[in-house]
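In case you want the letters, here they are:
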Amino acid sequence: MREKANLAVTLCNDKEEIMAQATFLDYPNWNVAKQDDWVSVFRELDSDIPCTPLNTLFMHLFVAVDEYSVGCCKEILRTVYKAVPELHFIFLIVPSYMSLGSTLITVFDQVGNIPCLTYEEDFAVHICHRHSHYPQLHVRKARVEDHDDLMPIFMRYDTILKETYGEYFLAELIEAQDEENHAVVCEVEGTAVGFMSVCSRVNMQLLHECFDLGPFHGLCFPHPDDVLESPQDLSVRRSQDAELRSSSQGSQKIVEELQEPVSPDTMENIQGNIAREAASEEALTAVQSGNVSEPEDIEKLSDISTGYAQYHHVSSRSLASLVLPEEPVHFRPIYRGASAAFCIQLFCIDEKYEARSLDFMNFVFSLFSV
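Residues numbered from 1 in each chain as written. Predicted model: local features only at pLDDT ≥ 70, side-chain atom pairs only at ≥ 80, totals over all residues. Heavy atoms only, no water.

- The chain appears in an unreviewed UniProt entry as Cilia and flagella associated protein 61 from Homo sapiens.

See below:
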């Protein structure tokens, strides 16, 4: 089961002895709903629980040493919520006639009962919430009085900012907030434990020159005047339709021409060309073997050599053009729309809560229209 689990956690003591183990999967541990369609069943059970396949797991197995089971269970759940920032709910399903026992009852609350799909029996659904074990951090706009809580965190990791901008650089940064610059903090029990400074002024020209941002539309809002294709590609694409439309007619015309009978004059010209090519090859062969003696042969060889030299010159020039092609010019799209991005200028958080750094982002995005 552990090999197929979405997440399996094992708890050991300082002697590397296994004290507890829990296994979590992304579908119910009893046959109360289809594995790929359980959301609707649980939404009907309690519409106030916004569970989805992305924020929910199901406990399928839990074992622990009896005398440490409660502490081990809480530590495992805390570890799971810390390891998966998007996780908010853990469900546990048991037959309605069974008790969760003295350990699991301390962390799970019953939501209701649901029937089994295969036989007549009800199952009790229990839930464990993130906020009971590793809650999301409260994020808000920064205030000047947060300076005293935040400076020890900054000084623990970096002293260059203080040496460069002065002792109260953080308070000055918080005071300088406007529509383009924002400072936010996350707090635990009224104490600021993290800080983020963000700005909507982004050097888009530099980013476009250094990176291919086509998949993200250049980090800009769409605009009617955007130039997304080079003029050459655009003309080629437009001409392709015309070529496709005329290709069938052209093919039919070629077939008809091939089916026409060959005239006697044309056949005579073809045979003459073949004879001249054969004579040229014969003369060249004679030169290679050293059997040239008559003046007529020498004159013929002279004509052939001149033609060969011209052909060789043309062939060499063509080969050079193939070996050294012109370097293509890389086309860069032109985006006329406004910037749809912001940048994080400064960020710091207490290492105890670094796994919750993601909590900043929803609040920060709400400050900008991106």
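There is more to say, and it comes next.
Observations concerning the overall build of the chain
Here is step 1 of the chain: For the chain, the helix and strand inventory stands at eleven helices and ten strands.
Here is step 2 of the chain: A fraction of 67% describes how many contacts in the chain between residues 6 or more apart in sequence connect residues 24 or more apart.
Here is step 3 of the chain: As displayed, the chain offers around 24800 Å² of accessible surface, 53% of which is attributable to carbon and sulfur atoms. (Helix = DSSP H or I, 4+ residues; strand = E, 2+ residues; numbered from the N terminus. Contact = heavy atoms within 4.5 Å. Areas by Shrake-Rupley, 256 points an atom, 1.4 Å probe, with all protein chains shown as cover.)

So, helix α2 (residues 69-83)
Here is step 1 of the chain: In this model, α2 (15 residues) spans 21 Å end to end at C-alpha, consistent with the 21 Å of a helix rising 1.5 Å per residue.
Here is step 2 of the chain: All of the buried residues in α2 are Ser69, Cys72, Cys73, Ile76, Leu77, Val80 and Tyr81. Taken around the axis of α2, the buried residues stretch over an arc of 165 degrees, which confines them to a single face.
Here is step 3 of the chain: Contact partners of the buried residues in α2: β1 (7-12), β2 (18-25), β3 (56-64), β4 (89-95), α3 (101-104) and β6 (122-129). (Expected span 1.5 Å × (residues − 1). Buried < 20%, exposed > 50% of the residue type's maximum accessible area, 1.4 Å probe, protein only. Arc of directions from axis to C-beta.)

Observations concerning the nonpolar core
Here is step 1 of the chain: In terms of nonpolar packing, the biggest core is built from 25 residues, with Phe24, Met59, Ile76, Leu77, Ile90, Leu104 and Phe108 touching the most fellow members.
Here is step 2 of the chain: Contributing elements (two or more residues each) for this core: β2, β3, α2, β4 and β6.
Here is step 3 of the chain: A per-element tally of this core places α2 first, with six residues.
Here is step 4 of the chain: In contact with Phe24, other than residues within four places in its own chain, are Ala5, Asn6, Leu7, Leu57, Phe58, Met59, Ile76, Leu77, Val80 and Ile90. (Core = buried A, V, L, I, M, F, W, Y, C linked by side-chain atoms within 4.5 Å.)

With respect to the sheet that holds β3
Here is step 1 of the chain: With mixed pairing, the six strands of this open sheet are ordered in space as β1-β2-β3-β4-β6-β5. At either margin of the open sheet sits one strand with a lone partner, and together these are β1 and β5 (109-115). Across this sheet, the average inter-strand angle for adjacent strands is 30 degrees, counted without regard to direction.
Here is step 2 of the chain: As paired strands, β5 and β6 are joined by six bridges and run antiparallel to one another. (Pairing = 2+ DSSP bridges. Axes fitted to C-alpha atoms, helices over the stretch in contact; angles between N-to-C directions.)

Details of the environment of Phe368
Here is step 1 of the chain: Tracing the backbone through its elements, the reader meets Phe368 in the segment after α11 (359-367).
Here is step 2 of the chain: As a C-alpha pair, Phe368 and Ala340 span 28 residues in sequence and 8.9 Å in three-dimensional space.
Here is step 3 of the chain: The residues touching Phe368, leaving out its near neighbours within four places in the chain, are Glu179, Glu180, His182, Val198, Cys199, Ser200 and Phe342.

Digging into the pattern of salt bridges
Here is step 1 of the chain: Following the criterion strictly, the structure yields six salt bridges and no others.
Here is step 2 of the chain: Between Arg356 and Asp359 there is a salt bridge whose closest N-O contact spans 2.4 Å.
Here is step 3 of the chain: Exposure remark for Arg356: the relative accessible area of 2% places this residue in the buried category.
Here is step 4 of the chain: Via salt bridges that share partners, Arg140, Asp146 and Glu187 belong to a single interconnected network. (Salt bridge = Lys/Arg side-chain N within 4 Å of Asp/Glu carboxyl O.)

A closer look at the environment of Phe62
Here is step 1 of the chain: You can see Phe62 is positioned in strand β3.
Here is step 2 of the chain: Judged by relative accessible area, which is 19%, Phe62 ranks as buried.
Here is step 3 of the chain: Remark: the alpha-carbon pair of Phe62 and Thr23, spanning 39 residues in sequence, is separated by 6.7 Å.
Here is step 4 of the chain: Apart from the residues within four sequence positions on either side, Phe62 is in contact with Gln21, Ala22, Ser69, Cys73, Ile76, Thr103 and Leu104.

Some details on the sheet that holds strand β7 (residues 138-141)
Here is step 1 of the chain: The four strands lie next to each other as β7-β8-β9-β10, forming an open sheet whose pairing is antiparallel. Here the strands that pair on one side only, and so sit at the sheet edges, are β7 and β10 (343-349). Between one strand axis and the next, the sheet turns by 20 degrees as a mean value, whatever way the strands run.
Here is step 2 of the chain: With four bridges joining them, β7 and strand β8 (residues 181-188) adopt antiparallel strand pairing.

Considerations on the side chain of Thr23
Here is step 1 of the chain: Inspection of the secondary structure puts Thr23 in strand β2.
Here is step 2 of the chain: Residue classification places Thr23 among the buried positions, given a relative accessible area of 0%.
Here is step 3 of the chain: Within the local environment of Thr23, its side chain forms a polar contact with the side chain of Gln21, the two groups lying 3.3 Å apart. (Polar contact = N/O pair within 3.5 Å; in protein donor to acceptor, adjacent residues only side chain to side chain.)

Side note on the packing of aromatic side chains
Here is step 1 of the chain: Counted by the stated rule, this structure contains eleven aromatic pairs.
Here is step 2 of the chain: The interplanar angle of 50 degrees and the centroid separation of 4.9 Å between the aromatic rings of Phe42 and Phe91 together place this pair among those described as tilted. Taken together, the positions of Phe42 in helix α1 (residues 39-45) and Phe91 in strand β4 put the pair 49 residues apart, joining distant regions of the chain.
Here is step 3 of the chain: The class of Phe42 is buried, set by a relative accessible area of 3%. (Phe/Tyr/Trp six-rings, centres within 6.5 Å; stacked < 30°, edge-to-face > 60°.)

Points about the side chain of His147
Here is step 1 of the chain: Counting through the fold element by element, His147 comes out in helix α4 (residues 147-157).
Here is step 2 of the chain: Contact partners of His147, with chain neighbours within four places excluded, come to Glu167, Tyr168, Leu170 and Ala171.

A word on the confidence of the model for the chain
Here is step 1 of the chain: Mean pLDDT over the chain stands at 80; residues scoring 70 or higher make up 72%.
Here is step 2 of the chain: Scored below 50 in pLDDT, residues 304-320 makes four contacts in the model with residues more than four places away or belonging to other chains. (pLDDT = per-residue confidence, 0-100.)

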